Amino acid sequence: MRGFLLGIAAFAGLASAYTGTSYSTTSAVQCKTAYGSGGKAPTPIPTSDVTKTTSTVYTSPATTVPTGYTRVTDTIITTTQHTSTAVTVTFATVTSGIVTSWVYGTTTIATATWPVTDCTNGVAPTTVTKYTGKYTPVPGQATTVPATYATQVFCTTSLTSYLYLAPEVTASTLATLHTTLTSYVYDYTTTTTSTLTYLTVTTPSATVTSTTISYVEAGRAQPTQVSCAPTVTKTYDARCAPTNLISDHNGIGLVSGRYNANVTVVYTRDLPYGTNPSDCCQLCLDNAGCGASMWGSYETCGLYYHGNQSGKPQCDFIFTYGAENQYPAGQGIIVANGCGTVSYE
């Protein structure tokens, strides 16, 4: 059996010049940091952005386009298309082994609560804070307020756009267009074989039941509406004093690291816990079983719990923290020990 495929050539003429265009853009960012002293370091650090834009034009040499075409028929190409195929079917039997049936359960480790006071008389009370107990710094921790700290980051973004021009012009010459005839030959004298295998699976020989327990915690606010006094005195543990909170390692800001197994967390952004790491630290100490606290610059307080196999809070290792140079001291995460411990890694 033989078939032919013929390519047809179309004739067209160009009457005018044409310019093709393409665009691309590159960007680069450079930042400078301003420093201040006194008061409190801002978290996160305010950042301002300025954008500068430049443009560049590139023109490539003109491409000559012919005004028409002449057609040439090339030699016939003969191609053998395929051979016949014979299929052999075989059967196999597979017996499955032990099948595991999983049972999933959830155990609540603890329920954290935090008071939220709504002053019904419109007073915004001034808070006087006292600290009790003694505190021993962890290795690498600074216990004094830094003399200077980053107050503002100024970033400049440079955008460069590129315009590429590709002009085309017509010419009086003719281009040659080739037409190729292809002959397809179907040859079934050669046979190839293919084997298909079907699997038959029997019922399992045994079933084993395994139980997986997920450890979670709960948290809820306890709102209170009262008539507030002009001044409120709060007594905090020494671990929660601003200079005793773990906020750096050898002058570098902190990031979160590795967590113990079965560690879960309760988050709150309620005031004042979300805005003040000292209040976040004390909130952990006020909730039995809270192993450690972590405060982030995005105004979130996290209370971390470690559950044992019985689903009860366990006061031991909770998580590790690390340090990264991109964060100045005190402007990464801020952590504190509760009934458990955290450590640098």
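Note: the structure precedes this text.
Below: a short report on this structure. Remember, it's a predicted structure, so these values are computed and weren't measured experimentally.

**Description of the overall build of the protein**
On a plain count of helices and strands, the protein comes out with one helix and 20 strands. Split into buried and exposed, the 345 residues of the protein put 27% on the buried side. The contacts of the protein with a sequence gap of at least 6 include a subset with a gap of at least 24, amounting to 89%. Accessible area of the protein: about 21100 Å², with a carbon and sulfur share of 55%.

**Points about the packing of aromatic side chains**
Scanning the model with the defined rule gives five aromatic pairs in all. Relative to Tyr 304, the ring of Tyr 259 lies with its centre 5.8 Å away and its plane at 20°, an arrangement referred to as stacked. Remark: Tyr 304 occurs in strand S17 (residues 300–306) and Tyr 259 occurs in strand S14 (residues 252–259); sequence separation between them is 45 residues. Given the relative accessible area of 34%, Tyr 259 is considered partly exposed.

**Side note on the sheet that holds S17**
One open sheet holds the four strands; their spatial order is S15-S17-S16-S19, and the pairing between them is antiparallel. Here the strands that pair on one side only, and so sit at the sheet edges, are strand S15 (263–268) and strand S19 (334–337). Direction aside, neighbouring strands of the sheet carry axes that sit 20° apart on average. Pairing geometry for S15 and S17, over six bridges, is antiparallel.

**Overview of the nonpolar core**
It is characteristic of soluble globular proteins that their nonpolar side chains tend to be buried jointly. Core analysis: the largest hydrophobic core is formed by 20 residues, its most contacted members being Ala 112, Trp 114, Val 266, Leu 303 and Tyr 305. Among the elements of the structure, strand S7 (98–119), helix H1 (277–286), S17 and S19 are those that each provide at least two residues to this core. One finds Val 138, Ile 246, Val 263 and Val 265 within the second-largest nonpolar core, a separate group that totals 14 residues.

**Description of H1**
Extensive coverage of H1 is indicated by the burial of eight of its ten residues. Between the side-chain oxygen at the start of H1 and the backbone nitrogen of Ser 278 there is a gap of 2.9 Å, and the oxygen is on Asn 276.

**Overview of the sheet that holds S14**
Reading across the sheet, the three strands line up as S14-S18-S20 and stay open at both edges, with mixed pairing between neighbours. The sheet is open, and its two edges are formed by S14 and strand S20 (341–344), each paired on a single side. Across the sheet, the axes of successive neighbouring strands diverge by a mean angle of 35°, strand direction being ignored. Bridge analysis of strand S18 (residues 317–328) against S20 gives four bridges, and the strand direction is parallel. Counted as the bridge partner of Tyr 321 is Tyr 344 from S20.

**Re unusual backbone geometry**
Backbone phi values are negative for most residues with the exception of glycine, while trans is the configuration of most peptide bonds. In this structure, Pro 272 follows Leu 271 across a cis peptide bond, with omega equal to 0°. With respect to the helices and strands, Pro 272 occurs in the loop between S15 and H1. Unlike most non-glycine residues, Glu 299 shows phi in positive territory, near 60°. Along the polypeptide, Glu 299 turns up in the loop between strand S16 (292–296) and S17.

**Some thoughts on the side chain of Gln 282**
Within the fold, Gln 282 resides in helix H1. Exposure remark for Gln 282: the relative accessible area of 9% places this residue in the buried category.

**Overview of the environment of Gln 282**
Sequence separation of Gln 282 and Ala 238 is 44 residues, and the distance between their C-alpha atoms is 9.5 Å. Those residues in contact with Gln 282, other than ones at most four positions away along the chain, are Thr 235, Tyr 236, Asp 237 and Cys 240.

**A word on the state of the cysteines**
Inspection of every chain in the model, using the stated rule, returns six disulfides. With its sulfur 2.1 Å from that of its partner, Cys 280 forms a disulfide with Cys 301. Between Cys 280 and Cys 301, the S-S torsion sits near 85°, and that sign places the bridge as right-handed. Note that Cys 280 is positioned in helix H1 and Cys 301 in strand S17, a separation of 21 residues in sequence. A sulfur-sulfur separation of 2.1 Å characterises the disulfide bridge that pairs Cys 284 with Cys 290. Of note, the bridge from Cys 284 to Cys 290 carries an S-S torsion of about -110° and is left-handed in sense.

What counts and what doesn't
- Residues numbered from 1 in each chain as written.
- Predicted model: local features only at pLDDT ≥ 70, side-chain atom pairs only at ≥ 80, totals over all residues.
- Heavy atoms only, no water.
- Helix = DSSP H or I, 4+ residues; strand = E, 2+ residues; numbered from the N terminus.
- Buried < 20%, exposed > 50% of the residue type's maximum accessible area, 1.4 Å probe, protein only.
- Contact = heavy atoms within 4.5 Å.
- Areas by Shrake-Rupley, 256 points an atom, 1.4 Å probe, with all protein chains shown as cover.
- Phe/Tyr/Trp six-rings, centres within 6.5 Å; stacked < 30°, edge-to-face > 60°.
- Pairing = 2+ DSSP bridges.
- Axes fitted to C-alpha atoms, helices over the stretch in contact; angles between N-to-C directions.
- Core = buried A, V, L, I, M, F, W, Y, C linked by side-chain atoms within 4.5 Å.
- Polar contact = N/O pair within 3.5 Å; in protein donor to acceptor, adjacent residues only side chain to side chain.
- Disulfide = S-S within 2.5 Å.

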